[in-house]
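# Remarks on the overall topology
One-letter residues, chain by chain:
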Amino acid sequence: SQQGEEDPQALSIQEGENATMNCSYKTSINNLQWYRQNSGRGLVHLILIRSNEREKHSGRLRVTLDTSKKSSSLLITASRAADTASYFCATEGTGGAQKLVFGQGTRLTINP
Amino acid sequence: EPEVTQTPSHQVTQMGQEVILRCVPISNHLYFYWYRQILGQKVEFLVSFYNNEISEKSEIFDDQFSVERPDGSNFTLKIRSTKLEDSAMYFCASRQSEGHRQFFGPGTRLTVL
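Values in this document were obtained by computation on a predicted structure and should not be read as measured data. (Residues numbered from 1 in each chain as written. Chains lettered and ligands numbered in written order. Predicted model: local features only at pLDDT ≥ 70, side-chain atom pairs only at ≥ 80, totals over all residues. Heavy atoms only, no water.)

### Section: the overall build of chain B
Secondary structure assignment for chain B yields zero helices and eleven strands. In sequence order, chain B lays out its α and β elements as β-β-β-β-β-β-β-β-β-β-β. Here chain B has a C-alpha radius of gyration of 13 Å; the compact-globule value for 113 residues is 13 Å, and the two agree. If one aligns the C-alpha atoms of chain B with their principal axes, the spans along those axes are about 40 × 25 × 25 Å. Residue burial in chain B is summarised as follows: out of 113 residues, 43% are buried. Counting contacts in chain B only where the partners sit at least 6 residues apart, residues at least 24 apart contribute 53% of the total. Of the roughly 5700 Å² of accessible surface on chain B, 46% is carried by carbon and sulfur atoms. Of the side chains in chain B, 11 bear a positive and 14 a negative charge, and the two mean positions are spaced by 2 Å. (Helix = DSSP H or I, 4+ residues; strand = E, 2+ residues; numbered from the N terminus. Rg over C-alpha atoms; globule rule 2.2 N^0.38 Å. Buried < 20%, exposed > 50% of the residue type's maximum accessible area, 1.4 Å probe, protein only. Contact = heavy atoms within 4.5 Å. Areas by Shrake-Rupley, 256 points an atom, 1.4 Å probe, with all protein chains shown as cover. Lys, Arg positive; Asp, Glu negative; His and termini not counted. Charge placed at Lys NZ, Arg CZ, Asp CG, Glu CD.)

Written as structure tokens, this is what we have:
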């Protein structure tokens, strides 16, 4: 089964608006993380939320986690052109090597 | 802040050639990983390494791939005979211990011609 499915696949909004991206997963997790990636570049870690947490904030980022629904959301408030990037959720499983399983990502475009 | 480094940043090779991608994990980290990302696709787990042995590998990590920690600081991924479909960004990651998050390197872009 596939973990970490994000929706929408692409999102285009105006600068200053809020952007919400969602992630669903299928198995038990230790934590869920969100990463940003500019085109062809590296992965920038944004935020980690543990399985026993429900909400976390970091600057303009707000992440929620609902383990009963196996879903998470990332909210970026007051978006800026520099937020244009792909955003991936990644789940860390409870067993084995605790590898990260990434979703397909949401391509976010902020229009000035 | 300590960081994971990877070399080279970009490698171009001919199909059938061997390549070695190098990573220097953060010095007190004990768990090491390789991931790859084909252009336009999601990041996929390849292999994890702990206590000088592979702890888990994915279906992608077939006999063409191998990993090594030759000297206590480097962590390498070798592809014995590259194929066109091996073209991707390869990310190394390390973590200190269970309960700590992984830290990613900047990636090596591998282009197989």
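### Let's talk about the pattern of salt bridges
All names here are of chain A. For the coordinates displayed, the defined rule picks out six salt bridges over all chains. Glu 55 is the partner of Arg 62 in a salt bridge, and the nearest nitrogen-oxygen pair spans 3.2 Å. Residue Arg 62 is classed as partly exposed on the basis of its relative accessible area of 31%. The partner of Arg 60 in a salt bridge is Asp 83, and the shortest N-O contact between them spans 2.9 Å. One end of the pair, Arg 60, is in the loop between strand S6 (55-58) and strand S7 (61-66); the other, Asp 83, is in the loop between strand S8 (71-76) and strand S9 (85-93), and 23 residues separate them in sequence. A relative accessible area of 7% places Asp 83 in the buried class. (Salt bridge = Lys/Arg side-chain N within 4 Å of Asp/Glu carboxyl O.)

### Observations concerning the interface of chain A and chain B
At the interface, 21 residues of chain A touch 20 residues of chain B. Both sides of the chain A and chain B interface together cover about 1700 Å² of buried area, and 51% of this is carbon and sulfur. Linking chain A with chain B are two salt bridges, by the criterion used here. Between A:Glu92 and B:Arg95 there is a salt bridge; the shortest N-O distance is 3.2 Å. By residue number, the principal contributor to the side of chain A that touches chain B is strand S5 (residues 43-50) of chain A, which donates four residues. Its residues placed into classes, the side of chain A that touches chain B shows seven nonpolar, ten polar and four charged. (Buried area = accessible area lost by both parts, 1.4 Å probe. Nonpolar A, V, L, I, M, F, W, Y, C, P; charged D, E, K, R; others polar.)

### Observations concerning the nonpolar core
Core analysis: the biggest nonpolar cluster contains 22 residues, and A:Leu32, A:Trp34, A:Leu74, A:Ile76, A:Tyr87 and A:Leu108 have the highest contact counts within it. Within the residue set of this core, elements represented by two or more residues are strand S2 (10-14), strand S3 (19-24), strand S4 (29-37), S5, S7, S8, S9 and strand S11 (106-111) of chain A. Discounting chain neighbours no more than four positions away, the residues touching A:Leu74 are A:Ala19, A:Thr20, A:Met21, A:Trp34, A:Leu46, A:Leu61, A:Arg62, A:Val63 and A:Tyr87. One finds B:Val19, B:Val47, B:Phe49 and B:Cys92 within the second-largest nonpolar core, a separate group that totals 21 residues. (Core = buried A, V, L, I, M, F, W, Y, C linked by side-chain atoms within 4.5 Å.)

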